[in-house]
Amino acid sequence: MENFKHDIFEQMGNLFYAIALDQHVEPLQFGELKMLLRKDWLDELTPISTSNVTEASHLVSLKMDTLQAESATAEDAFNEFTKFYATHREQFSAALKEKIGKTAEAITEVFPLEHNIKNNHITKLKMLLENSSLVM
């Protein structure tokens, strides 16, 4: 189970990175994005360390740093998440899926696109989660 926790948070890094790129989050704004993720994932799902950075937000941030350094595309990062999700769908609890959806939506609210353009990966995420019994 510990390996799954590690893997799932890395995959959320892929997901949130893809959504952030779609929202045109600039490299310098990724610090603000990481603060949002720390706030969203600072709860009972993971133990709080002495620095108030959860394992979840730490692993998500590390994965996003790696993706940035590699100049990964949003599509590649999102595809990695969807492959992982398809393989491990049953291990995503309803509460976790809801939290993922809310965090994804929060990214679009904090970093809005001009002219109400839809985030392609948010739409795909909603369909993916809805097909597994979650309505965002």
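Shown above is the structure to which this text applies.
The paragraphs below set out a description of the structure included in this document. For clarity, every value in this text was computed on a predicted model and none was experimentally measured.

### As for the overall build of the chain
Thought 1: In terms of helices and strands, the chain carries 6 helices and 0 strands.
Thought 2: Each helix and strand of the chain, placed in order from N terminus to C terminus, yields the pattern α-α-α-α-α-α.
Thought 3: The 136 residues of the chain split such that 46% are buried.
Thought 4: Nonlocal contacts in the chain, meaning residues at least 24 apart in sequence, comprise 79% of its contacts between residues at least 6 apart.
Thought 5: In the form shown here, the chain has an accessible surface area of approximately 7,500 Å², with 53% of it arising from carbon and sulfur atoms.

### Things to note about the packing of aromatic side chains
Thought 1: Taken as a whole and assessed by the stated rule, the structure comprises 5 aromatic pairs.
Thought 2: Look at F81 and F92: their rings are 6.3 Å apart centre to centre, the planes differ by 90 degrees, and that puts the pair in the edge-to-face class. One end of the pair, F81, is in helix α4 (residues 74-88); the other, F92, is in the loop between α4 and α5 (94-110), and 11 residues separate them in sequence. Summarising the burial analysis for this pair, F81 and F92 share the class buried.
Thought 3: Considering the side-chain rings of F84 and F92, the 6.2 Å spacing of their centres and the 70 degrees angle between planes classify their relative orientation as edge-to-face.
Thought 4: Through a chain of ring-to-ring contacts, three or more aromatic side chains come together here, namely F81, F84, Y85 and F92.

### A closer look at the side chain of N14
Thought 1: Counting through the fold element by element, N14 comes out in helix α1 (residues 2-22).
Thought 2: Classification of N14 by relative accessible area gives buried; the value is 2%.
Thought 3: Within polar-contact distance, the side chain of N14 engages the side chain of Q11 at 3.0 Å.
Thought 4: Not counting the four nearest positions on each side in its chain, N14 is found in contact with K63, L67, A77, F78, E80 and F81.

### Considerations on the nonpolar core
Thought 1: Core analysis: the biggest nonpolar cluster contains 39 residues, and F16, L33, W41, F92, I100 and L125 have the highest contact counts within it.
Thought 2: Of all the secondary structure elements, the ones that give two or more residues to this core are α1, α2 (30-40), α3 (55-69), α4, α5 and α6 (120-130).
Thought 3: The dominant element in this core, judged by the number of residues it contributes, is α1, at 10 residues.

### Digging into the environment of E10
Thought 1: One can find E10 in helix α1.
Thought 2: Assessed through its relative accessible area of 27%, E10 is described here as partly exposed.
Thought 3: As a C-alpha pair, E10 and S57 span 47 residues in sequence and 9.4 Å in three-dimensional space.

### Observations concerning α5
Since one α-helical turn is 3.6 residues long, residues separated by three or four positions face the same way.
Thought 1: The end-to-end C-alpha distance of α5, which contains 17 residues, comes to 24 Å, matching closely the 24 Å that a straight helix rising 1.5 Å per residue would cover.
Thought 2: The set of residues buried in α5 consists of L96, K97, K99, I100, G101, T103, A104, A106, I107 and T108.

Definitions and cut-offs
Residues numbered from 1 in each chain as written. Predicted model: local features only at pLDDT ≥ 70, side-chain atom pairs only at ≥ 80, totals over all residues. Heavy atoms only, no water. Helix = DSSP H or I, 4+ residues; strand = E, 2+ residues; numbered from the N terminus. Buried < 20%, exposed > 50% of the residue type's maximum accessible area, 1.4 Å probe, protein only. Contact = heavy atoms within 4.5 Å. Areas by Shrake-Rupley, 256 points an atom, 1.4 Å probe, with all protein chains shown as cover. Phe/Tyr/Trp six-rings, centres within 6.5 Å; stacked < 30°, edge-to-face > 60°. Polar contact = N/O pair within 3.5 Å; in protein donor to acceptor, adjacent residues only side chain to side chain. Core = buried A, V, L, I, M, F, W, Y, C linked by side-chain atoms within 4.5 Å. Expected span 1.5 Å × (residues − 1).

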